[in-house]
Amino acid sequence: MLPDTLLDRDLALAVEAFDSAAVTGGKYDRGELTMEIAAPRIASICGFLKHDQKFNRVSTVTAVDRYPAEPRFEVVYHLHSVERNERVRLKCRVGGEDPAIESVTSVWRGANWYEREVFDMFGIRFRNHPGLTRLLMPLDWEGYPLRKDYPVHGHKYSYQSDEEGPSWKS
């Protein structure tokens, strides 16, 4: 059910008409619309926003760690409609035990690297992603550096320099 704060927003009303159970919360503040979307419905809602509402560009996919709160993670999507000159932010809550959400790369190919970065830094898996591998950290890196419970000094690697030059050593 659409929150009262969004009843005067045409885009929020269109999303509710498409899938009445998708929007779980949201707000319109300082000219920015934010909708909280039920995580199982994110790919469907993104497809609707792209094809029916002309949000042809995903400009960012990122995450927030709300540790120790549960659900622990928030996956955040920033969408842009060039034709409408409009932006919208979508947020999905994902639990911390086995964090996973559907990939939106089937909607926007450009989400590929954003989702890989979120996986690499937070450990959130994107189901049906075409190649979910680490992007910034070494492939054998342990842990996820942007989690709030990640050790400040890392786990097993240290940066060392020797006669072969600088490298990461375990």
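In this report, we go over the structure that sits alongside the text. Here the structure is a predicted model, which is why all the values come from computation and not from measurement. (Residues numbered from 1 in each chain as written. Predicted model: local features only at pLDDT ≥ 70, side-chain atom pairs only at ≥ 80, totals over all residues. Heavy atoms only, no water.)

A closer look at helix α1 (residues 10-18)
Turning to α1, its buried residues are Leu11, Ala12, Ala14 and Val15. Buried residues of α1, viewed axially, fall in a sector of 160 degrees; they line one side. Projecting away from the buried face of α1 at angles above 90 degrees are the exposed residues Asp10 and Ala17. Buried residues belonging to α1 abut β1 (23-29), β2 (32-37), α2 (42-51) and β5 (86-94). (Buried < 20%, exposed > 50% of the residue type's maximum accessible area, 1.4 Å probe, protein only. Helix = DSSP H or I, 4+ residues; strand = E, 2+ residues; numbered from the N terminus. Arc of directions from axis to C-beta. Contact = heavy atoms within 4.5 Å.)

Looking at the packing of aromatic side chains
Under the definition given, this model contains three aromatic pairs. Residues Phe18 and Phe48 carry aromatic rings whose centres are separated by 4.4 Å and whose planes lie at 15 degrees to one another, so their mutual orientation is stacked. Taken as a pair, Phe18 in helix α1 and Phe48 in helix α2 lie far apart in primary sequence, 30 residues in all. The buried category is assigned to Phe48, whose relative accessible area is 8%. Ring geometry for Phe73 and Phe122: centres 6.4 Å apart, planes at 80 degrees, overall edge-to-face. Here Phe73 is found in strand β4 (residues 73-81), whereas its partner Phe122 is found in helix α3 (residues 111-122), with 49 residues between them in sequence. Taking the relative accessible area as the measure of exposure, Phe73 reaches 0% and is therefore buried. The positively charged end of Arg9 is found above the aromatic ring belonging to Tyr28, 3.6 Å away from the centroid. One cation-aromatic arrangement involves Arg116 over Trp113; the distance from NZ or CZ to the ring centre is 5.7 Å. (Phe/Tyr/Trp six-rings, centres within 6.5 Å; stacked < 30°, edge-to-face > 60°. Lys NZ or Arg CZ within 6 Å of the ring centre and 35° of its normal.)

Concerning the state of the cysteines
Two cysteines joined by a covalent bond between their sulfur atoms form a disulfide. All told, the structure shown has zero disulfides when counted by the stated rule. Cys46 carries a free sulfur, and the closest cysteine sulfur to it, the one in Cys92, is 7.4 Å from it. In this structure Cys46 comes out as buried when scored by relative accessible area, which is 0%. The exposure class of Cys92 is buried, given its relative accessible area of 0%. (Disulfide = S-S within 2.5 Å.)

Things to note about the nonpolar core
The biggest cluster of nonpolar side chains holds 42 residues, and the ones touching the most others in it are Met35, Tyr77, Leu90 and Ile101. The dominant element in this core, judged by the number of residues it contributes, is α2, at five residues. Apart from residues lying up to four places away in sequence, Leu90 is in contact with Met35, Ile37, Ile42, Cys46, Leu49, Val75, Val76, Tyr77 and Leu79. (Core = buried A, V, L, I, M, F, W, Y, C linked by side-chain atoms within 4.5 Å.)

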